[in-house]
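Architecture at a glance
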Amino acid sequence: MPGACGIACEVCGFKDMCGGCMPGTDPRAPERLEKLKQMLGMPCPMLECAVKNKVDYCLRCEKFPCDIAYQEIPYSKKVLDIFKKFKEGK
């Protein structure tokens, strides 16, 4: 299952650290954020943003790619720039 960031947890290198994710619209997402705060000392910024903006996956958010995506993992700046150009129709 993909996490809010859009990456399948099965292939994500951070799964062992966080235990996996879920879409931002999943009713259990706020509880997952709390568990991440306890486990890692902070919530996942991408999941937190998806919950706040009521989107299942960042890629479906009208704001994507946003500042959070550029500051956080799992996307590289180059990939985000490609998404940005694609959305702008260039």
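Just so you know, these numbers come straight off a predicted model, no measurement behind them. (Residues numbered from 1 in each chain as written. Predicted model: local features only at pLDDT ≥ 70, side-chain atom pairs only at ≥ 80, totals over all residues. Heavy atoms only, no water.)

Re the side chain of Asp-26
- As for its placement among the helices and strands, Asp-26 is situated in the loop between α1 (15-18) and α2 (29-40).
- At 2.7 Å, the side chain of Asp-26 and the backbone nitrogen of Arg-28 are in polar contact. (Helix = DSSP H or I, 4+ residues; strand = E, 2+ residues; numbered from the N terminus. Polar contact = N/O pair within 3.5 Å; in protein donor to acceptor, adjacent residues only side chain to side chain.)

Considerations on the packing of α2 against helix α3 (residues 45-53)
- Viewed as axis vectors pointing N to C, α2 and α3 meet at an angle of 150°, and their least axial separation amounts to 10 Å. For the element pair α2 / α3, the angle class is roughly antiparallel. Every pair of crossing elements has a handedness; the one defined by α2 and α3 is left-handed. Contacts between α2 and α3 pair Ala-29, Pro-30, Arg-32, Leu-33 and Leu-36 from the former with Leu-47, Glu-48 and Val-51 from the latter.
- Looking at the contact of α2 with α3, its residues break down into 6 nonpolar, no polar and 2 charged. (Axes fitted to C-alpha atoms, helices over the stretch in contact; angles between N-to-C directions. Parallel < 35°, antiparallel > 145°, perpendicular 65-115°, else oblique. Left-handed = near helix turned anticlockwise from the far one by under 90°. Contact = heavy atoms within 4.5 Å. Nonpolar A, V, L, I, M, F, W, Y, C, P; charged D, E, K, R; others polar.)

Thoughts on the packing of aromatic side chains
- This structure, assessed with the given rule, holds 3 aromatic pairs.
- Considering the side-chain rings of Phe-64 and Phe-83, the 5.5 Å spacing of their centres and the 70° angle between planes classify their relative orientation as edge-to-face. Taken together, the positions of Phe-64 in the loop between α3 and α4 (67-71) and Phe-83 in helix α5 (residues 77-88) put the pair 19 residues apart, joining distant regions of the chain.
- Take Phe-83: its relative accessible area is 28%, and that puts it in the partly exposed class.
- With a centroid separation of 6.0 Å and an interplanar angle of 85°, the aromatic rings of Tyr-75 and Phe-83 are classed as edge-to-face.
- Linked through ring pairs, Phe-64, Tyr-75 and Phe-83 together constitute an aromatic cluster. (Phe/Tyr/Trp six-rings, centres within 6.5 Å; stacked < 30°, edge-to-face > 60°. Buried < 20%, exposed > 50% of the residue type's maximum accessible area, 1.4 Å probe, protein only.)

A closer look at a nonpolar patch on the surface
- On the surface, a nonpolar cluster with roughly 550 Å² of combined accessible area is contributed by Phe-14, Met-17, Met-39, Leu-40, Met-42 and Ile-73.
- For Phe-14, the position within the fold is in the segment before α1.
- Under the relative-accessibility criterion, Phe-14 is labelled partly exposed at 35%. (Patch = residues over 30% accessible without salt bridge, like charges linked within 9 Å, V, L, I, M, F, W, Y side chains within 5 Å. Areas by Shrake-Rupley, 256 points an atom, 1.4 Å probe, with all protein chains shown as cover. Salt bridge = Lys/Arg side-chain N within 4 Å of Asp/Glu carboxyl O.)

What about α2?
- With 12 residues, α2 extends 16 Å between its outermost C-alpha atoms, agreeing within 8% with the 16 Å of an ideal straight helix rising 1.5 Å per residue.
- Among all positions of α2, only Ala-29, Arg-32, Leu-33 and Leu-36 are buried. Angularly, the buried residues of α2 cover 105° about the axis, an arc narrow enough to put them on a single face.
- Following α2 by one or two positions, Gly-41 adopts a phi angle in the positive range, close to 85°. (Expected span 1.5 Å × (residues − 1). Arc of directions from axis to C-beta.)

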